[in-house]
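Chain by chain, the residues:
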Amino acid sequence: MKLYELHEKKGLQLLIALLCGVVFGFLLQKGGVTDYDVIIGQLLLRDFTVLKVMMSAVIVGSLGVYAMKSAGLVHLHPKPGSFGSSAVGGLIFGFGFAILGYCPGTVAGAVGSGAVDALLGGVTGILIGSGLFAAMYPRLRAGILQKGDFGTRTIPQALGINDWLVVIPGCILIAVLLVILENAGL
Amino acid sequence: MEWLELGRWSPYAVGAGIGVLSWITFLLLDKPIGCSTAFARTSGMIEKLFKGNRVSEKPYYREFVPEIDWEWMLVAGVFAGAFLSSILSGTFHISMEHAVWTEYFGHTPVLRLIFALAGGVAMGFGSRWAGGCTSGHGISGTLQWALSSWIAALCFFAGGIATAMLVFGVVAGGGIP
């Protein structure tokens, strides 16, 4: 079966997604990032587990995904953005991140690990917040969400250079940052 | 198979595993890993239970149809995977006690629930405003070197660190922790 044929099979896609989710949740829990203390520890700059997990995922993921893109096996799916959407929304998200102590993925993992605050507070709150946004969306879409729009551009596209000129130095820079963190005993 | 029963794995091994998982979702699903859209769809599905099909006519739900899609299954899988992992390591326990919370706020479960709910509302709202969360922007978007995702991810942490320092340092404690 060709890959694009696989992408068309809806039932099979749902099953593969479920299995990928199980692996994702297993990894998040083993990494400790479904734990409130670990996430708040990161935001208080005491425990750098969250950053270590994310940064190593970016290095490994980025090298593989861009290699497969070069081989014509996959397409990128960069999200559209603007300063009004990505930066302002990002700061609101960050506020919620510190108050809740989980994010939308880790909150599901925290519920799976038995965290009652993640279920009663976190999941309920995220559902309410998403609904509120949907209600306000028509007004926001015409206004702030468009401010400073830069579309679905990737950094290599924005700079107008070859992908690998960003991917390789970018991954090296992240690796150096991780080594510095480790050497600093963080 | 003792490694499956360990309480914690190296964060680098876990990160590398998530990176490889990204290869798989790009290859087999033609999708980057993400979580927050599933909450938006669920919110729409719940609203539909009360208000009927006209909910689907809302501009937001025309773009993000309230239905069970691949990402919804992924989030369901995250719940199951974390449950499996915590059962295997014996760390599963039903509780809302957290060491850092208790350190600053003492035994205040009701306050913790109010925080979780309020933080959840801000997070749900902010993730839809930014068009993604720590998974969709923070991992999948940054690994694609998307401009929107790097800006969003930096703001997630800038906002998160500032708020945490304020809440735990200034309000609950004394001075910056």
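Participant: Help me understand the overall build of chain A in this model?
Facilitator: For chain A, the helix and strand inventory stands at 9 helices and 2 strands. Sequence-ordered secondary structure for chain A, helices as α and strands as β, is α-α-α-α-β-α-α-α-β-α-α. Counting all 186 residues of chain A, 58% fall into the buried class. A fraction of 60% describes how many contacts in chain A between residues 6 or more apart in sequence connect residues 24 or more apart.

Participant: Explanation requested: empty space enclosed by the protein in the structure shown.
Facilitator: In this approach a probe as big as a water molecule rolls over the atoms, and the regions it shows empty are the leftover space. Counted according to the given criterion, the structure contains 1 cavity of 30 Å³ or more. Of the voids in this model, the largest cavity is the one considered here, and its volume is about 150 Å³. Lining the largest cavity are 14 residues, with A:L28, A:M54, A:C103, A:T106 and B:T134 positioned closest to its centre. Broken down by secondary-structure element, the contributors of at least two residues to the lining of the largest cavity are α2 (10-31), α4 (49-70) and α6 (104-112) of chain A. If you tally residues by element for the lining of the largest cavity, the top one is α4(A), at 3 residues. Here the lining of the largest cavity is composed, by residue class, of 10 nonpolar, 4 polar and no charged.

Participant: For this particular structure, what's the right way to read the layout of surface pockets?
Facilitator: In this model, the largest pocket occupies a volume close to 690 Å³. Taken together, 38 residues line the largest pocket, and the ones lying closest to its centre are A:K79, A:P80, B:F64, B:R128 and B:G131. For the lining of the largest pocket, the elements supplying multiple residues, two or more each, are β1 (81-82) and α7 (116-142) of chain A together with α2 (36-51), α3 (59-63), α4 (70-89), α6 (109-130) and α7 (136-143) of chain B. Considered class by class, the residues forming the lining of the largest pocket number 14 nonpolar, 14 polar and 10 charged.

Participant: How should the interface of chain B and chain A be read in this particular structure?
Facilitator: Tallying the contact residues gives 121 residues for chain B and 124 residues for chain A. With both sides pooled, the region where chain B packs onto chain A buries about 10500 Å², and carbon together with sulfur makes up 75% of that total. Interface area lost by chain B to chain A is led by B:M123, B:W129 and B:W145, which between them contribute 9%. Along the contact surface separating chain B from chain A lie 3 salt bridges. Here chain B and chain A share 42 residue pairs in polar contact (both at pLDDT 80 or more) between them.

Participant: Is there a simple way to explain a nonpolar patch on the surface in this structure?
Facilitator: Residue and element names in this part refer to chain A. On the surface, a cluster of nonpolar side chains totalling about 420 Å² of accessible area is made up of L63, I168, I172, V176 and I180. It is helix α9 (residues 164-183) that provides the largest number of residues to the nonpolar patch, a total of 4 residues. By secondary structure assignment, the location of I168 is in helix α9. Judged by relative accessible area, I168 falls into the partly exposed class, the value being 38%.

Rules and cut-offs
Residues numbered from 1 in each chain as written. Chains lettered and ligands numbered in written order. Predicted model: local features only at pLDDT ≥ 70, side-chain atom pairs only at ≥ 80, totals over all residues. Heavy atoms only, no water. Helix = DSSP H or I, 4+ residues; strand = E, 2+ residues; numbered from the N terminus. Buried < 20%, exposed > 50% of the residue type's maximum accessible area, 1.4 Å probe, protein only. Contact = heavy atoms within 4.5 Å. 1 Å grid on protein atoms, 1.4 Å probe; cavity = no way out; pocket = protein on both sides within 12 Å on 5 of 7 lines; lining within 4 Å. Points joined across faces, edges and corners; volume = space filled by probe spheres on them. Nonpolar A, V, L, I, M, F, W, Y, C, P; charged D, E, K, R; others polar. Buried area = accessible area lost by both parts, 1.4 Å probe. Salt bridge = Lys/Arg side-chain N within 4 Å of Asp/Glu carboxyl O. Polar contact = N/O pair within 3.5 Å; in protein donor to acceptor, adjacent residues only side chain to side chain. Patch = residues over 30% accessible without salt bridge, like charges linked within 9 Å, V, L, I, M, F, W, Y side chains within 5 Å. Areas by Shrake-Rupley, 256 points an atom, 1.4 Å probe, with all protein chains shown as cover.

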